[in-house]
Amino acid sequence: MKHPLQQAVFHLTVADDSQMPPPGPPELAFAGRSNSGKSSAINALANQTRLAFTSKTPGRTQQINFFQLRGGALLADLPGYGYAAVPHKLKRHWQAFLARYLATRQTLIGLALVVDARHGLSDLDRQLLTGFLPSGRPVAVLATKMDKLTPAAQRAAAAAIERDVAAAFPAQACNVTVIPFSATRRTGVERAETLIAYWLGEGGPPGEAAIPEGKKKGPRAQGE
């Protein structure tokens, strides 16, 4: 099996639309609230310890960091959102920048939304999905920090996210895959790799992805 994020290298950082790389290779975006474990998830999938950095002041880095994958595709690490200490002006700037990227970036093929499994989807997570899902592009919800929960609580947390997605986005829920994830224990890493490789055209359809859209009933947790 291929590991699509391994051997990723830093490409560039952009702070506004004028600095965006020209459309070309496919892009995969990672998004999530501050402290959701996004950087740890990226590092686990890349099998590196310091590819993605965690800001010393969560939420203040208002930039998109691009990493180039060995196949030529780009990984876009979006800035964490929802941190209360960020000034409102900075929040508005980031929200507008993010919204434009997700809505207008033609080379964006999929979104990995990192969610702390202990807290589930936030209102900001739902807002992001509301703007992204109508495009028909797939989403992987990485339900992180599963190592901090008991096995029963892990199953309950994943099921709660599935129900939330199905209730909030009934028309697009078939394009969402919930993956229980732990960077510490590497839970869900292989399943996430398989799905991302499929998005990038580097592997066959994983599980539910092989079923025609009309036959799917909703998001499934690719369980621990």
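Note that this is a predicted model, so its numbers are computed, not measured.

(A) Seen up close, the nonpolar core. Of all hydrophobic cores here, the largest spans 38 residues; its most connected members are Leu78, Tyr101, Leu113 and Val139. When residues no more than four places from it in sequence are discounted, the contact partners of Leu113 are Ala31, Gly32, Tyr81, Leu121, Asp125, Leu128, Leu129, Val139, Ala140, Val141 and Leu142. Counting 27 residues, the second largest nonpolar core, distinct from the first, contains Leu5, Phe30, Ile42 and Ile179.

(B) Representation of the pattern of salt bridges in the model. Under the defined criterion, the tally for this structure stands at seven salt bridges. Across the salt bridge formed by Arg105 and Glu27, the nearest N and O atoms sit 2.6 Å from each other. Linking Arg105 in the loop between α2 (88-104) and β5 (108-116) with Glu27 in strand β2 (residues 27-32), this pair joins segments that are 78 residues apart in sequence. The partner of Asp123 in a salt bridge is Arg126, with the nearest N and O atoms 3.0 Å apart.

(C) View of unusual backbone geometry. Positive phi outside glycine occurs at Asn47, with the angle close to 55°. Secondary-structure assignment places Asn47 in the loop between α1 (38-46) and β3 (64-68). At Arg186, a residue that is not glycine, the phi angle is positive and equals roughly 60°. Residue placement: Arg186 occurs in the loop between β7 (176-180) and α5 (189-199).

(D) Representation of the sheet that holds strand β4 (residues 74-77) within the structure. With mixed pairing, the seven strands of this open sheet are ordered in space as β1-β3-β4-β2-β5-β6-β7. Strands with a single pairing partner mark the edges of an open sheet, and in this sheet they are β1 (9-14) and β7. On average, each strand axis in the sheet is inclined to that of its neighbour by 20°, with strand direction left out of account. In terms of strand pairing, β2 meets β4 through four bridges, oriented parallel. Across the sheet, residue Glu27 finds its bridge partner in β4, namely Leu74. Packed onto the sheet, α2 meets β1, β2, β3, β4 and β5 and runs at close to 40° relative to β3.

(E) Spatial organisation of the environment of Ala168. Topologically, Ala168 is positioned in helix α4 (residues 151-168). Take Ala168: its relative accessible area is 38%, and that puts it in the partly exposed class. Separated by 38 residues in the primary sequence, Ala168 and Thr130 place their C-alpha atoms 8.8 Å from one another.

What counts, and where the lines are drawn
- Residues numbered from 1 in each chain as written.
- Predicted model: local features only at pLDDT ≥ 70, side-chain atom pairs only at ≥ 80, totals over all residues.
- Heavy atoms only, no water.
- Core = buried A, V, L, I, M, F, W, Y, C linked by side-chain atoms within 4.5 Å.
- Buried < 20%, exposed > 50% of the residue type's maximum accessible area, 1.4 Å probe, protein only.
- Contact = heavy atoms within 4.5 Å.
- Salt bridge = Lys/Arg side-chain N within 4 Å of Asp/Glu carboxyl O.
- Helix = DSSP H or I, 4+ residues; strand = E, 2+ residues; numbered from the N terminus.
- Pairing = 2+ DSSP bridges.
- Axes fitted to C-alpha atoms, helices over the stretch in contact; angles between N-to-C directions.

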